[in-house]
Amino acid sequence: MIERLQGSPVDLAIKGALAHPNIPQQGIVPGLPAWEYYFHGRGCCLTHRTSGQSVDVDFHDATSDWIADYFFIRYLQSVKVPRFVEDRLLCLHPSFGSIRIAIRDLVELGLLDQEGEGKVVRLAFDADPLNRLLETIEPHWTKVSTQQTLAAAVGDWMLLSQLEVGELSVSGIRKVQRPAGAMAPEKCSARGRVKLSDLRSAELGRCP
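An account of the accompanying structure is given in this report. (Residues numbered from 1 in each chain as written. Predicted model: local features only at pLDDT ≥ 70, side-chain atom pairs only at ≥ 80, totals over all residues. Heavy atoms only, no water.)

1. Details of the sheet that holds strand E3 (residues 43-48)
Next, step 1: Read from one edge of the open sheet, four strands run E1-E2-E3-E4, paired in antiparallel fashion. Edge positions in the sheet fall to strand E1 (26-29) and strand E4 (54-58), since each has one partner strand and no second. Looking at each pair of strands side by side, their axes are set apart by 20 degrees on average, direction ignored.
Next, step 2: As defined by bridge partners, strand E2 (residues 32-40) adjoins E3 across six bridges and the pair is classed as antiparallel. Within E3, the position partnered with Glu 36 by the bridge is Thr 47.
Next, step 3: Sheet strands in contact with helix H3 (residues 69-78) are E2 and E4, and its direction is about 170 degrees off that of E4. (Pairing = 2+ DSSP bridges. Helix = DSSP H or I, 4+ residues; strand = E, 2+ residues; numbered from the N terminus. Axes fitted to C-alpha atoms, helices over the stretch in contact; angles between N-to-C directions. Contact = heavy atoms within 4.5 Å.)

As structure tokens, this is what we get:
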């Protein structure tokens, strides 16, 4: 957006639509014919013309770190062939509404920063090391051994259960088992259903 569309994140954050660059509001990204852009309010949406995948960002400061749950869910909906992170996220959240709930949980855990009382969030930590690690894992994700190791490392016992893993040897050094305090996959599912039901009831109770 900065290099090819002359957009200014700071100006968009302060002035909104008044800071749109002096180009058509919508069009093909110069030098990148596979992508089209669309400026709206304080944001800019980039959409791949073949896959339909879109990245839509509202600027709240000089960075593109902030994203509303609406834009994040739109991004997930636009991904036709999800990479392993998006694929795992969609498997764990068959309803996009539950993703909004998960975002709230991450805010409460301090893993996401929230702008005021709104629905705009950003990561509360430096994600560069994690992104580099994920890029390394991506080509090997179809291997069961990779899925087992990563699931054990992050405590994804739902996936380990699906892979029918008992004890897992990681790099031949140690054994990884579900910690004594970790909830069994079936209990995780049951607790999640109860939480979603309670939240839905609370939302309905607020309706006039």
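2. Here's the deal with the packing of H3 against helix H5 (residues 96-108)
Next, step 1: Where H3 contacts H5, the axes come no closer than 10 Å and their chain directions differ by 135 degrees. Relative to H5, the element H3 lies oblique. When the axes of H3 and H5 are compared, the crossing they make is right-handed. Of the residues in H5, those in contact with Asp 69, Tyr 70, Phe 72, Ile 73, Leu 76 and Gln 77 of H3 are Phe 96, Ile 99, Arg 100 and Ile 103.
Next, step 2: Taken together, the residues of the contact of H3 with H5 break down into seven nonpolar, one polar and two charged. (Parallel < 35°, antiparallel > 145°, perpendicular 65-115°, else oblique. Left-handed = near helix turned anticlockwise from the far one by under 90°. Nonpolar A, V, L, I, M, F, W, Y, C, P; charged D, E, K, R; others polar.)

3. Observations regarding a nonpolar patch on the surface
Next, step 1: On the surface, Leu 106, Leu 109, Leu 111, Leu 123, Phe 125, Leu 130 and Leu 133 cluster together into a nonpolar patch covering about 620 Å² of accessible area.
Next, step 2: When you line up the elements, Leu 133 lands in helix H6 (residues 128-137). (Patch = residues over 30% accessible without salt bridge, like charges linked within 9 Å, V, L, I, M, F, W, Y side chains within 5 Å. Areas by Shrake-Rupley, 256 points an atom, 1.4 Å probe, with all protein chains shown as cover. Salt bridge = Lys/Arg side-chain N within 4 Å of Asp/Glu carboxyl O.)

4. Digging into the pattern of salt bridges
Next, step 1: The tally for this structure, following the rule as stated, stands at seven salt bridges.
Next, step 2: When the shortest N-O distance is used, the salt bridge between Asp 69 and Arg 100 registers 3.5 Å. One end of the pair, Asp 69, is in helix H3; the other, Arg 100, is in helix H5, with 31 residues separating them in the sequence.
Next, step 3: Judged by relative accessible area, Asp 69 falls into the buried class, the value being 10%.
Next, step 4: Taking relative accessible area as the criterion, Arg 100 reaches 30% and is therefore assigned partly exposed.
Next, step 5: For Arg 122, the salt bridge goes to Asp 113, with nearest N and O atoms at 3.7 Å.
Next, step 6: Owing to a relative accessible area of 27%, Arg 122 belongs among the partly exposed residues under this scheme. (Buried < 20%, exposed > 50% of the residue type's maximum accessible area, 1.4 Å probe, protein only.)

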